[in-house]
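Reading the structure
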Amino acid sequence: MTNRIEFRLMDRDTIADEIVGTCPIVDFRQVQDNKYRAPFWLPLYGATYPEKMTYSSDLLKRQATRNSEATTYRGSLLMSLTEAMNKDKKTMKLKVRTQRLKGDNLPVKRPSLTQYIFKALVFSGSDLPTRSPLALPLITQDISVKISIGSFYASTDIVKVGSNEKFPGLVVWNQLLSIGGG
C-alpha cells in the first residue's frame, strides 16, 4: 500500500464519470498517528468551467485531477479516517532472496510485514455543486466520493445533489468505506 490517500468527488452520469473536485493529498502515516480520527471537514477544489471551453481541454483536465492546479472551491466533506491492522490469521508471504557469505553465521532476517485496513467514515458533504457546469439547466447532479490508496479504491453510493430544497448543496452519506486488508 502507498502512503498517498486521494479523495475525489465524482460526477456520475451515463456518458462518462467526471472529477468534480479533489483535495490535498492525505498521508497514511498521519492517519496512523490518529490525526484524522475525530470528524473533520475536508475542502474540495476543482476546475473552473469557462463558457467557451469544453471539459476535454487539457487545462481543465489538469485542474480537475491535480489538486495543486485546482482553483475553484467545490464544497467540503465531513469524514473521519482510521486504520487497523488486519486481525486475520493468514500471514503475508513474500519471497526474499538471501545470500549467505562464507563464514557468516548470523541468522537471516526477514522483513516484518503488516497488512493494514484503511477505514473512512463519510458523513456528509456541504456546499457541493448542485448541477454539472456543462449540463443543461434544471438537471441535478449525481455524485459519489471515491477514495483511493494506490490501485485500491472504494466509493460511496451515488446520491443526487440538490434534492433537498431547504439545503441545496447538502448530501448525507453516513457510509463506512474500507480499503485493504488482503
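Residues numbered from 1 in each chain as written. Predicted model: local features only at pLDDT ≥ 70, side-chain atom pairs only at ≥ 80, totals over all residues. Heavy atoms only, no water.

**Comments concerning the overall build of the protein**
Definition in use: The helix count covers DSSP runs of H or I at least four residues long, the strand count covers runs of E at least two residues long, and both are numbered beginning at the N terminus. Throughout, exposure labels follow a simple rule: accessible area from a 1.4 Å probe, protein chains only, divided by the maximum for the residue type, with under 20% read as buried, over 50% as exposed, and the rest as partly exposed. Contacts are assigned to residue pairs with any non-hydrogen atoms lying within 4.5 Å of each other. All accessible areas in this document rest on Shrake-Rupley with a 1.4 Å probe, and a residue is counted as covered only by the protein chains that are shown.
When you go through the protein residue by residue, the secondary structure sums to 2 helices and 10 strands. Secondary structure elements of the protein occur, N-terminal to C-terminal, as β-β-β-α-β-α-β-β-β-β-β-β. Out of the 182 residues in the protein, the part that is buried amounts to 35%. Across the protein, every contact between residues at least 6 apart in sequence was considered, and the portion connecting residues at least 24 apart equals 68%. Approximately 11900 Å² of the protein is accessible, and the part contributed by carbon and sulfur atoms is 52%.

**A closer look at a nonpolar patch on the surface**
The test is simple: Residues form patches when they are more than 30% accessible in relative terms and have no salt bridge. Like charges link within 9 Å. Nonpolar side chains (Val, Leu, Ile, Met, Phe, Trp, Tyr) link within 5 Å. Salt bridges are counted wherever a side-chain nitrogen of Lys or Arg sits within 4 Å of a carboxyl oxygen of Asp or Glu.
A surface patch of nonpolar side chains, about 270 Å² in accessible area, is lined by Phe 167, Leu 170 and Val 172. Following the sequence through the fold, Leu 170 ends up in the loop between strand 9 (159-161) and strand 10 (171-180).

**Some words on the environment of Gly 169**
Looking at the secondary structure, you find Gly 169 in the loop between strand 9 and strand 10. Every residue in contact with Gly 169, bar those within four places of it in the chain, is listed here: Gly 125, Ser 126, Asp 127, Leu 128, Thr 130 and Val 161.

**Comments concerning the pattern of salt bridges**
The final tally for this structure, using the stated rule, is 4 salt bridges. Between Arg 4 and Glu 6 there is a salt bridge whose closest N-O contact spans 3.0 Å. Residue Arg 4 is classed as partly exposed on the basis of its relative accessible area, which comes to 46%. Several salt bridges share partner residues, and in doing so they unite Arg 4, Glu 6 and Arg 8 into one network.

**Describing the pairing of strand 1 (residues 4-11)**
On a regular strand, one side chain projects to one face of the sheet and the next to the other, so that they alternate. This is how it is decided: When DSSP finds two or more bridges between a pair of strands, those strands are recorded as paired.
Both strand 1 and strand 3 (residues 26-27) contribute to a ladder of 2 bridges, which runs antiparallel. Bridging from a neighbouring strand, Ile 5 pairs with Val 26 of strand 3. In this structure, strand 1 lies alongside strand 2 (residues 18-22), joined through 4 bridges in antiparallel fashion. Residue Met 10 lies in a different strand from strand 2, and its bridge partner there is Ile 19.

**Some points on the packing of aromatic side chains**
Here is the rule we go by: The rule is short: rings of Phe, Tyr and Trp, with Trp giving its six-membered ring, pair when the centres are within 6.5 Å, and they are stacked under 30 degrees, edge-to-face over 60, tilted in between. A ring is considered to have a charge above it if a Lys NZ or an Arg CZ atom is located within 6 Å of its centre and within 35 degrees of its normal.
In total, this model carries 4 aromatic pairs according to the counting rule given. Summarising the aromatic geometry, the rings of Tyr 36 and Phe 40 are spaced 4.8 Å apart at their centres and angled 45 degrees between planes, so their arrangement reads as tilted. A relative accessible area of 15% means that Phe 40 is categorised as buried. An aromatic cluster is present here, built from Phe 28, Tyr 116 and Phe 118 joined pairwise through their rings. A cation sits over an aromatic face here: Lys 146 above Tyr 153, 4.5 Å from the ring centre.

**Some thoughts on unusual backbone geometry**
For Asp 127, which is not glycine, the phi torsion reads 60 degrees and is therefore positive. In this fold, Asp 127 is placed in the loop between strand 6 (116-126) and strand 7 (141-149).

**Concerning the nonpolar core**
How we decide: Only buried residues count toward a nonpolar core, which is a set of Ala, Val, Leu, Ile, Met, Phe, Trp, Tyr and Cys residues joined through side-chain atoms within 4.5 Å.
The biggest cluster of nonpolar side chains holds 29 residues, and the ones touching the most others in it are Ile 5, Phe 7, Leu 81, Phe 118, Ile 147 and Trp 173. Counting only elements with at least two residues in this core, the list comes to strand 1, helix 1 (28-32), strand 4 (40-46), strand 5 (72-85), strand 6, strand 7 and strand 10. Ignoring any residue separated from it by four or fewer positions in sequence, one finds Phe 118 in contact with Ile 5, Phe 28, Val 31, Leu 81, Thr 82, Ile 147, Ile 149, Leu 177, Ser 178 and Ile 179.

**Description of the side chain of Ser 76**
Going by this rule: In protein, a polar contact means a hydrogen-donor-capable atom and an acceptor-capable atom, both N or O and within 3.5 Å, with residues adjacent in sequence counting only if both atoms are side-chain atoms; elsewhere, any N or O pair within 3.5 Å suffices.
Mapped onto the secondary structure, Ser 76 falls in strand 5. Among the residues examined, Ser 76 registers a relative accessible area of 11% and is labelled buried. Among the polar contacts listed, one links the side chain of Ser 76 to the side chain of Tyr 73, at a separation of 2.8 Å. With sequence-adjacent residues up to four places away left out, Ser 76 is seen in contact with Trp 41, Leu 42, Pro 43, Ser 124, Gly 125, Ser 126 and Leu 128.

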